[in-house]
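# Architecture at a glance
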Amino acid sequence: MTPILRAGTVADIDALPALWRRAEAGPSTTETADDVRWLLERDPEALLVADVEGEIVGSLIAGWDGWRGTFYRLAVDPAHRRRGLATRMVEAGEERLRSLGAKRLNAIVESEEADAMAFWASAGYKLQTARSRFVKNLS
Ligand SMILES: CC(C)(COP(=O)(O)OP(=O)(O)OC[C@H]1O[C@@H](n2cnc3c(N)ncnc32)[C@H](O)[C@@H]1OP(=O)(O)O)[C@@H](O)C(=O)NCCC(=O)NCCS
């Protein structure tokens, strides 16, 4: 059955960590259920989920900060891969971010994740080798 894409809601939050574990995509310590709740309070349309009869089989956060659009938490259940689901989710995310005024989109990808690197390249995203990411966790 083809998954439907829809905005994620608070009712979906509990299913996300399990999906991310199945997809071997975290979650990291800064991606708790409360973090998703705060995201949805701030931007109710930012979370996109793929749903098969109530089961969440894909996720994508398309974040807009007023300057750039940034994708986070792209994950597809292993049983649903290589059927274009991530492509559909990213296209939907691109549409949302374009409608909000975004001109450039970012995806932060672990360089050693070959699947993810191949996916983003296939989706038309250019790898910037001349940039590095600096990160600071606020306690
Ligand atoms: C990366 C991921 C989201 C791709 O999801 P998907 O739904 O299988 O991707 P799609 O079917 O839309 O793939 C589109 C194209 O991307 C490329 N691609 C996707 N997965 C690939 C893989 N494992 N190896 C090589 N190329 C791949 C292919 O070109 C593919 O087209 P094709 O199937 O016609 O060859 C999925 O493998 C996943 O959840 N991985 C674990 C979590 C992760 O790495 N997330 C990304 C964080 S940035």
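These notes cover the structure that comes with them.

What counts as what
- Residues numbered from 1 in each chain as written.
- Predicted model: local features only at pLDDT ≥ 70, side-chain atom pairs only at ≥ 80, totals over all residues.
- Core = buried A, V, L, I, M, F, W, Y, C linked by C-beta atoms within 7 Å.
- Buried ≥ 20, exposed ≤ 12 C-beta atoms within 10 Å, placed from the backbone.
- Helix = DSSP H or I, 4+ residues; strand = E, 2+ residues; numbered from the N terminus.
- Near = placed C-beta within 6 Å.
- Nonpolar A, V, L, I, M, F, W, Y, C, P; charged D, E, K, R; others polar.
- Contact = placed C-beta atoms within 7 Å.
- Pairing = 2+ DSSP bridges.

### Brief notes about the nonpolar core
Counting residues in hydrophobic clusters, the biggest one holds 22 residues, and the most contacted among them are Leu48, Leu60, Ala62, Leu74 and Met89. Of all elements in the fold, only helix H1 (15-22), strand E2 (47-52), strand E3 (55-64), strand E4 (69-76) and helix H3 (85-100) reach the threshold of two or more residues within this core.

### Describing the site of the ligand
The environment of the ligand is made up of 21 residues, and the closest members are Arg81, Ala86, Thr87, Ala116 and Ala118. Elements with a minimum of two residues in the shell around the ligand: E4, H3 and helix H4 (114-122). The element best represented in the shell around the ligand is H4, accounting for five residues. Considering only residue class, the shell around the ligand consists of twelve nonpolar, three polar and six charged.

### What to know about the environment of Gly58
Among the secondary structure elements, Gly58 is positioned in strand E3. Classification of Gly58 by C-beta neighbours within 10 Å gives buried; the count is 23. When the C-alpha atoms of Gly58 and His80 are compared, they prove to be 8.5 Å apart, with 22 residues separating the residues in sequence. Those residues in contact with Gly58 that lie beyond four places of it in its chain are Pro3, Val49, Ala50, Ala75, Val76, Asp77, His80, Leu85 and Met89.

### Quick notes on the pairing of E2
Strand direction decides the pairing type here: strand E1 (residues 4-7) and E2, joined by four bridges, are antiparallel. Counterpart to Arg6 in the pairing with E2 is Val49. Taken together, the six bridges between E2 and E3 define a ladder with antiparallel strand orientation. From the neighbouring strand, Ala50 faces E3, where its bridge partner is Gly58.

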